[in-house]
Amino acid sequence: MIAIYPGSFDPITLGHLDIIERGVVLFEKVIVTVMYNPNKRPLFSVEKRVQQIRECTQHLPGVEVDSYKGLTVDYAKLRKAQVLLRGLRVLSDFEKELQMAHTNKTLAEDVETIFLATSKEYSFLSSSTVKEIAQFGGSVSHMVPKNVLQDLREYSG
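The rules we used
- Residues numbered from 1 in each chain as written.
- Predicted model: local features only at pLDDT ≥ 70, side-chain atom pairs only at ≥ 80, totals over all residues.
- Heavy atoms only, no water.
- Buried < 20%, exposed > 50% of the residue type's maximum accessible area, 1.4 Å probe, protein only.
- Helix = DSSP H or I, 4+ residues; strand = E, 2+ residues; numbered from the N terminus.
- Arc of directions from axis to C-beta.
- Pairing = 2+ DSSP bridges.
- Right-handed = clockwise from strand over helix to strand, strands pointing away.
- Axes fitted to C-alpha atoms, helices over the stretch in contact; angles between N-to-C directions.
- Contact = heavy atoms within 4.5 Å.

> Describe helix α5 (residues 127–135), and please don't skip the residues or the numbers.
For α5, every residue scored as buried is listed here: S127, V130, K131 and A134. Take α5 and look down its axis: the buried residues cluster within an arc of 95°, on one side only. Exposed residues lying more than 90 degrees from the buried face of α5 are S128 and E132. Once α5 ends, the next one or two residues include G137, with phi positive near 80°.

> Could you give an account of the pairing of strand β3 (residues 63–68), with specific residues and numbers?
Taken together, the 6 bridges between strand β2 (residues 29–35) and β3 define a ladder with parallel strand orientation. Residue V30 lies in a different strand from β3, and its bridge partner there is V63. Crossover handedness for the path β2 to helix α2 (residues 46–57) to β3: right-handed.

> Could you give an account of the sheet that holds strand β4 (residues 83–88), naming the residues involved and the relevant values?
Reading across from one edge, β3-β2-β1-β4-β5 is the order of the 5 strands in this open sheet, with parallel pairing throughout. The open sheet terminates on both sides in strands that have one partner only, identified here as β3 and β5 (112–117). Pairs of neighbouring strands in the sheet enclose a mean axial angle of 30°, with direction left out of account. Relative to β2, strand β1 (residues 2–7) runs parallel, the two being bridged by 6 bridges. When the bridges of β2 are listed, A3 appears paired with V30. Contacts from helix α1 (residues 14–26) reach β1, β2, β3, β4 and β5 within the one sheet, and its direction differs from that of β5 by about 120°.

The structure is reproduced here in structure tokens:
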């Protein structure tokens, strides 16, 4: 079974990586897909985010990294994926994600959404938090993979 793990991943965090590592145990393939979100102003280009994810997942068999501009369910159909994989941190994530899962079901009845609860050590973690801390020179070494840490250091100067 093929799962799509969509997101902006700007940048990928250890919480995202945790979901990917757990997902490859459950599915024969997990396609981590950097999605274009018109409501966000990304720090890194789509190409850079794809590169970051490829580098920190290269040790995981069954992981593919791609990007897509459009509806996630259309991409799932294109890749013959049966599952959208999503991580949940807090109650507010659940409300938003459940609404999106129901919406996606109206667009593609044959694509299921599966939620994985984020491991407790990453329940506070978001890409927005990482960017804000990095912007002000704070340490994010416990929040992101090493390759992303270097990119953030270059960004924050």
